[in-house]
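Architecture at a glance
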Amino acid sequence: MLTSPVMKILMRLWVLMLVAVPVVTQAQVTVSVSTPADNYLVYETVPVVVTVRNITGRTLELRGDEKESWLSFLVTDGSGREVLSTGKVPEAGTVLIPPGDSVSRTFNLTPLYELRERGSYRVRAEVTTEAIHVVSLPTRVNLFNGQEIWRQTVGIAAPGDKTDSYRLYRLLLKRGTDGTQLYVSVEEDKAGVVHGIYSLGTIIGLGEPAARVDTRGNLHVLHRNGGRTYGYHEIGPDAALVEEANYAELQSAPELVAGGDGMVTVQGGQKMVPASERILTPEELNPPPPPPAKPTKKWWQFWRSDSATRPAKK
């Protein structure tokens, strides 16, 4: 009969074996994090793509709910200090990954962490479940301030007895190896709240972009984005895109014109309609039927035709 101390040791070993059975080692699950670009403006959307690959021999389950997610991030600045979180990572849901497959999720880091100053940051993704705990290698993200080329503060009338507010519109340039991008920033003046900052597309160095604000407080921007083409955008005080279009410089160049009612429109040039929005003509919608096929001759018909034209023997 086994003594009591021996029984206790055997029971502990048995429990440890039961607990270790469902555990998946890090070598069997890989986690990677990447970004489409390395450089972003401060307050610009910073998308990160997290990919989890299952190289085990069974289906991997990543279970999450509203209270706890299987995914989290670790963001540090250039000095190695952890960046404070300002929001909860969106729920990634419960994911089943078959053996040999992978799953990817994309998140915007800007509203989730205190990324409010220029500098270099390192981002790691952390996957945690009952069976695994894996941390990815870091990816680097560089934040910097764009070159300001225009700004204007606009008063926004509030309905009823509410206090009016003010918006600061700014146009920024972001230079890179693939060209120069034009950005618009919409801020709450004096409050330090940034409602949004996003790209208006490529800008080429032929003249400054034109910018006008209408009576509603909407910003209109017209800039050259090609040799003879222009990009147009209308942005509201809430940083929402109201309208966008492209114009071609044919007989005249497009320009922003403010009317007597304070509204701003584009005059001149020719508005370019995307191919997907082209209206088909009635002939294209109802094409004529194809011509009837010519009847084919049999081999003896060819022989008769040839013999009819052949000269008679003398």
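Description of the structure in this document. (Residues numbered from 1 in each chain as written. Predicted model: local features only at pLDDT ≥ 70, side-chain atom pairs only at ≥ 80, totals over all residues. Heavy atoms only, no water.)

**Observations regarding the sheet that holds strand 17 (residues 229-235)**
- The strand order 15-16-17-18-21 describes an open sheet built from five strands, whose pairing is antiparallel. If you trace the sheet from one side to the other, it starts and ends with strand 15 (210-213) and strand 21 (270-272), each paired once. Strand-to-strand twist in this sheet, taken as the mean axis angle between neighbours without regard to direction, amounts to 25 degrees.
- Where strand 16 (residues 219-224) lies against strand 17, six bridges are found, and the strand directions are antiparallel. Within strand 17, the residue paired with Leu219 across the bridge is Ile235. (Pairing = 2+ DSSP bridges. Helix = DSSP H or I, 4+ residues; strand = E, 2+ residues; numbered from the N terminus. Axes fitted to C-alpha atoms, helices over the stretch in contact; angles between N-to-C directions.)

**Comments concerning the pairing of strand 3 (residues 47-54)**
- Of the two faces of strand 3, the one holding Val48, Val50, Val52 and Asn54 is buried and the one holding Pro47, Val49, Thr51 and Arg53 is not buried anywhere.
- As defined by bridge partners, strand 1 (residues 29-34) adjoins strand 3 across six bridges and the pair is classed as antiparallel. Bridge pairing in strand 3 places Val33 opposite Val50.
- Bridging between strand 3 and strand 7 (residues 102-108) involves seven bridges; their strand directions are antiparallel. Directly across from Val50, in strand 7, lies its bridge partner Arg105. (Buried < 20%, exposed > 50% of the residue type's maximum accessible area, 1.4 Å probe, protein only.)

**Let's talk about the environment of Glu208**
- When you line up the elements, Glu208 lands in the loop between strand 14 (193-202) and strand 15.
- You can call Glu208 exposed: its relative accessible area is 64%.

**Some words on the packing of aromatic side chains**
- Taken as a whole and judged by the stated rule, the model has two aromatic pairs.
- Ring centres 5.9 Å apart and planes at 75 degrees place the aromatic pair Phe73 and Phe107 in the edge-to-face group. Note that Phe73 is positioned in strand 5 (residues 71-76) and Phe107 in strand 7, a separation of 34 residues in sequence. Here Phe73 and Phe107 have matching classes, each one buried.
- Pairing Tyr232 with Tyr247 gives two aromatic rings, centres 6.4 Å apart and planes at 85 degrees, and the pair type is edge-to-face. Taken as a pair, Tyr232 in strand 17 and Tyr247 in strand 18 (residues 241-248) lie far apart in primary sequence, 15 residues in all. We note that Tyr232, like Tyr247, is buried. (Phe/Tyr/Trp six-rings, centres within 6.5 Å; stacked < 30°, edge-to-face > 60°.)

**Describing the side chain of Thr35**
- By the element assignment, Thr35 lies in the loop between strand 1 and strand 2 (39-41).
- Overall, the relative accessible area of 14% leaves Thr35 in the buried class.
- Among the polar contacts listed, one links the side chain of Thr35 to the backbone oxygen of Ala37, at a separation of 2.7 Å.
- For Thr35, the residues in contact, after removing those within four places along its chain, are Tyr40, Pro47, Val48, Thr139, Arg140 and Val141. (Polar contact = N/O pair within 3.5 Å; in protein donor to acceptor, adjacent residues only side chain to side chain. Contact = heavy atoms within 4.5 Å.)

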